[in-house]
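Descriptive structure summary
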Protein chains: 2
Amino acid sequence: MTNDTGFVLWLTGLSGAGKSTLAAKLGPALAERGHRVELLDGDEVRTNLCQGLGFSREDRDTNIARIGYVAGKLSKHGVAVLVAAISPYREARDRVRTAVDNFVEVYVAAPVSTCAERDVKGLYAKALAGEIKNFTGVSDPYEPPVNPEIELHTEAESVDDSVHQVIAWLEANQLTAPSDR
Amino acid sequence: MTNDTGFVLWLTGLSGAGKSTLAAKLGPALAERGHRVELLDGDEVRTNLCQGLGFSREDRDTNIARIGYVAGKLSKHGVAVLVAAISPYREARDRVRTAVDNFVEVYVAAPVSTCAERDVKGLYAKALAGEIKNFTGVSDPYEPPVNPEIELHTEAESVDDSVHQVIAWLEANQLTAPSDR
């Protein structure tokens, strides 16, 4: 059974907070429920839609606006869109919220200490050594959501726990249903 | 009945050739057949995805690549995508063709004399007076498709005729079916 309810799960949080890991598990879980799923990853979108943009506030905001534009087009046509993007500025996220139906802000809220400890990509070490400028959480601001639909503490809970919380929220808000119903 | 066959109808041709007019009639015709339809208009996309890009060959190619990226995401999920964009360079169009399934190149082939005579937006007058640089067909090249799926001569046929030709092609290629079937 196809589930044609479109929505945008917007995963925001620091580098290393677990956004991509979470998205990689959420995608198949939603597909199993009959959703058509699209993952828009911050890095991939930068390559395809934002060549030449840097990490100033203005460029970051433009990046987010473009992801929001594409996400909105897809969700309008019934696609379950997963966005994994640091998206550090509240105002830019809120502009997408205003423009897009069924916008679900998911705050992936691992603290910077946890992310720096994981340091999956080795970026925190470089940022703390001053080798990367405008690094969110170290040398660039991150503005946490004030009132996100979902808040996940990935420093304390497993990925599966996080996935279950998101699915439970979507069910409670009639955006998804088990596929065997 | 929903028709979930995705494809990209890529309308290429000079400014004033009739791309937007045609897209405006094709959209409802496809929606009536149960397609979910999205129109990506060159101008609108420039505003949302390509702020800052100009009309050099490089910038035009980037513009086309971005439209192609979004069109591909949508058609992959079963949307009938209409693109109306001058897209003057063959190579850029062919790159989209390679990247996207069910790419249908529609050459809206009114000659420059007809387009300049219509001059709906008053742009040809300005371009011919040298007031607009890089104006396709006047001071910038247009490379016609060598082997387009569909070629429409809007200088000689009505918009309805053109719409019928496109629909007939889509039917013949199993990309659409009358909704009462």
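Description of the structure in this document. (Residues numbered from 1 in each chain as written. Chains lettered and ligands numbered in written order. Predicted model: local features only at pLDDT ≥ 70, side-chain atom pairs only at ≥ 80, totals over all residues. Heavy atoms only, no water.)

**Examining the interface of chain B and chain A**
As a reminder, the rule being used: The contact definition used throughout considers only heavy atoms, calling two residues in contact when any of these lie within 4.5 Å. The term buried area denotes the loss of accessible surface (1.4 Å probe radius) that occurs when two parts are joined, taken as the sum for both partners. Put simply, a salt bridge is a Lys or Arg side-chain nitrogen that is within 4 Å of an Asp or Glu carboxyl oxygen. For the purposes of these results, a polar contact is taken to be a pair of N or O atoms within 3.5 Å, where, inside protein, one atom must be able to donate a hydrogen and its partner to accept one; residues adjacent in sequence count only when each atom of the pair is a side-chain atom. For the purposes of this entry, the term helix denotes a DSSP run of H or I that reaches at least four residues, the term strand denotes a run of E that reaches at least two, and both are numbered from the N terminus. Residue polarity follows a fixed list, in which Ala, Val, Leu, Ile, Met, Phe, Trp, Tyr, Cys and Pro are nonpolar, Asp, Glu, Lys and Arg are charged, and the others, Gly among them, are polar.
Counting residues at the interface gives 20 residues for chain B, matched by 20 residues for chain A. Between chain B and chain A, the buried area comes to about 1800 Å², and carbon and sulfur atoms account for 54% of it. If you sort the residues of chain B by the area they bury against chain A, R66(B), Y69(B) and H77(B) come out on top, with a joint share of 34%. For the interface between chain B and chain A, the tally reads six salt bridges. Salt-bridge contacts for K73(A) lead to E38(B); the nearest nitrogen and oxygen are separated by 2.8 Å. The interface formed by chain B and chain A holds 15 residue pairs in polar contact (both at pLDDT 80 or more) in total. Of all the secondary structure elements, the ones that give two or more residues to the side of chain B that touches chain A are β2 (36-41), α2 (42-49) and α3 (57-76) of chain B. The element best represented in the side of chain B that touches chain A is α3(B), accounting for seven residues. Its residues placed into classes, the side of chain B that touches chain A shows 10 nonpolar, four polar and six charged.

**Description of the sheet that holds strand β1 (residues 7-12) of chain A**
Residues and elements named next belong to chain A. Keep this limit in mind: Here, strands pair whenever DSSP counts at least two bridges between them. Orientation is described by lines fitted to C-alpha atoms, with helices fitted over the stretch in contact, and by angles between N-to-C directions that extend from 0 to 180 degrees.
Strand order in the open sheet formed by five strands is β2-β3-β1-β4-β5, with parallel pairing between adjacent strands. With one partner strand each, in any of the chains shown, β2 (36-41) and β5 (150-152) form the two edges of the open sheet. Averaged over all pairs of adjacent strands, the angle between their axes in this sheet comes to 20°, without regard to strand direction. Looking at chain direction, β2 and strand β3 (residues 79-84) are connected through six bridges and run parallel. Looking across to β3, one finds that R36 is bridged to V79.

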